[in-house]
Amino acid sequence: MTIILGLESSCDETAAALVTGDRQVLAHRLATQEKEHQPYGGVVPEIAARAHVEALTPLIEATFADAGLTLNDVDAIAATAGPGLIGGVMVGLVTGKALAHATGKPLVAVNHLEGHALSPRLAEPDLQFPYLLLLVSGGHCQILVVEGVGQYRRLATTIDDAAGEAFDKTAKLLGLGYPGGPAVERAAASGNAKAIRLPRPLVGTAEPHFSFAGLKSAVLRAVEAGGTSKEDVAASFQQAVVDCLVDRTRRALANVPHVTALVVAGGVAANGAIRAALQGLAADHGLPFIAPPLWLCTDNAAMIAWAGAERFAAGLTDGLDVPARPRWPLDAQAEKARGAGVKA
Ligand code: KG4
Ligand code: ZN
């Protein structure tokens, strides 16, 4: 059975994992940079890159020790090559290249989004192509038809902020700290989702895309107006995001010919309210609903190793001259969404 080493360093988690071609996660390690970035309320790229440099090598050694394996045992080395903070991406990719060069093993340059997109197939052996994927993370909010390894058709994207970004900004506004998503979810648990009227941008429109900037501004106005509890703001905000995600996904489902399942992935997919609402939507359409376990939703290297395993099995390896890419759309043919110069 093939064994793939996966490396991830595109944002604020340094991670390494060893995963087999038959879906065994032999070991996976993760070093979060939460403490480093906490004082700034968000990720500082230079701090992130330096922290990746310090963390990665010992992390790889520890991952091999956990699995009782050595570099000689792996069949290929997969590293995130983008999109993300370029300094961080380069740390993982250059390390992957060095290991590939030193051992003569093939390198697989993995698109971080492909890692998220294929992660449900690591968790769920029966998940077949094509499936409809809602990919919701800190930097992206997209609906894709996952047609096969390396084959993605983007149906929708955000025209401004990503869903995770909206969670993070709301958390900052409410003084809930960083990272924002889990903190907002915790506060929302004891709040009233009907306490504050907030907009649901683009809901009900023929346009397929997402928008969260107006929601963020409305949250800011509500907080500035005062007289509301953090819990109520968090709950009302979270419900607005749920409604947007469900409406846009429902629209996409009505416009795709055939999919085997409704799937959600990415850090925001760790949110319980979002998972529950999408489960209901899938049931309405008679589709299975697949969401990876929470640890596999947020950034990790097992998903990179798994995407590496899928690409390796398909004969898709890369030369040592493969570039690190700050931007790297999964569907290069997708039309530009209006206003979406940045996040598409
Ligand atoms: O996929 P991910 O770990 O990193 C990126 O590729 O961006 O996603 C991180 C995002 C952050 O915006 C974080 O606040 C959000 O996922 N997130 C959540 C939850 N856990 C993480 N958002 C809502 N609810 C959560 N429980
Ligand atoms: Zn991610």
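Scope of this entry: the structure provided in the associated data block.

Basis of the calculations
Residues numbered from 1 in each chain as written. Chains lettered and ligands numbered in written order. Predicted model: local features only at pLDDT ≥ 70, side-chain atom pairs only at ≥ 80, totals over all residues. Heavy atoms only, no water. Pairing = 2+ DSSP bridges. Helix = DSSP H or I, 4+ residues; strand = E, 2+ residues; numbered from the N terminus. Axes fitted to C-alpha atoms, helices over the stretch in contact; angles between N-to-C directions. Contact = heavy atoms within 4.5 Å. Near = heavy atom within 4 Å. Polar contact = N/O pair within 3.5 Å; in protein donor to acceptor, adjacent residues only side chain to side chain. Areas by Shrake-Rupley, 256 points an atom, 1.4 Å probe, with all protein chains shown as cover. Nonpolar A, V, L, I, M, F, W, Y, C, P; charged D, E, K, R; others polar. Phe/Tyr/Trp six-rings, centres within 6.5 Å; stacked < 30°, edge-to-face > 60°. Buried < 20%, exposed > 50% of the residue type's maximum accessible area, 1.4 Å probe, protein only.

**Quick word on the sheet that holds strand β3 (residues 25–32)**
Point 1. Strand order in this open sheet of five strands is β3-β2-β1-β4-β5, and the pairing throughout is mixed. What marks the edges here is a single partner per strand, and that holds for β3 and β5 (107–111). Averaged over all neighbouring strand pairs, the angle between strand axes comes to 20°, with direction disregarded.
Point 2. In terms of strand pairing, strand β4 (residues 76–82) meets β5 through five bridges, oriented parallel. Among the inter-strand pairings, A78 is bridged to a residue of β5, identified as V108.
Point 3. Against the sheet, helix α2 (residues 45–67) contacts β1 (3–8), β2 (13–20) and β3, and its axis sits at roughly 25° relative to β2.
Point 4. Contacting β1, β2, β3, β4 and β5, helix α4 (residues 112–123) crosses the sheet at an angle of about 95° to β5.

**Comments concerning the site of ligand 1**
Point 1. By nearness alone, 19 residues border ligand 1, and G138, D168, G181, E185 and D299 come closest of all.
Point 2. H112 places a polar side-chain atom, nitrogen or oxygen, 3.1 Å from an oxygen atom of ligand 1.
Point 3. Computed on the free molecule, ligand 1 has an accessible area of 550 Å², of which 89% lies beneath the protein chains in the complex.
Point 4. Among the secondary structure elements, those contributing two or more residues to the shell around ligand 1 are α4, α5 (163–173) and α6 (180–188).
Point 5. Split into classes, the residues belonging to the shell around ligand 1 amount to five nonpolar, eleven polar and three charged.

**Looking at the packing of aromatic side chains**
Point 1. By the definition in use, this model includes three aromatic pairs.
Point 2. Between F129 and Y131, the ring centres sit 5.9 Å apart and the planes meet at 15°, which makes this aromatic pair stacked.
Point 3. Given a relative accessible area of 24%, F129 falls into the partly exposed group.
Point 4. Residues F167 and F237 carry aromatic rings whose centres are separated by 5.0 Å and whose planes lie at 85° to one another, so their mutual orientation is edge-to-face. Note that F167 is positioned in helix α5 and F237 in helix α8 (residues 230–255), a separation of 70 residues in sequence.

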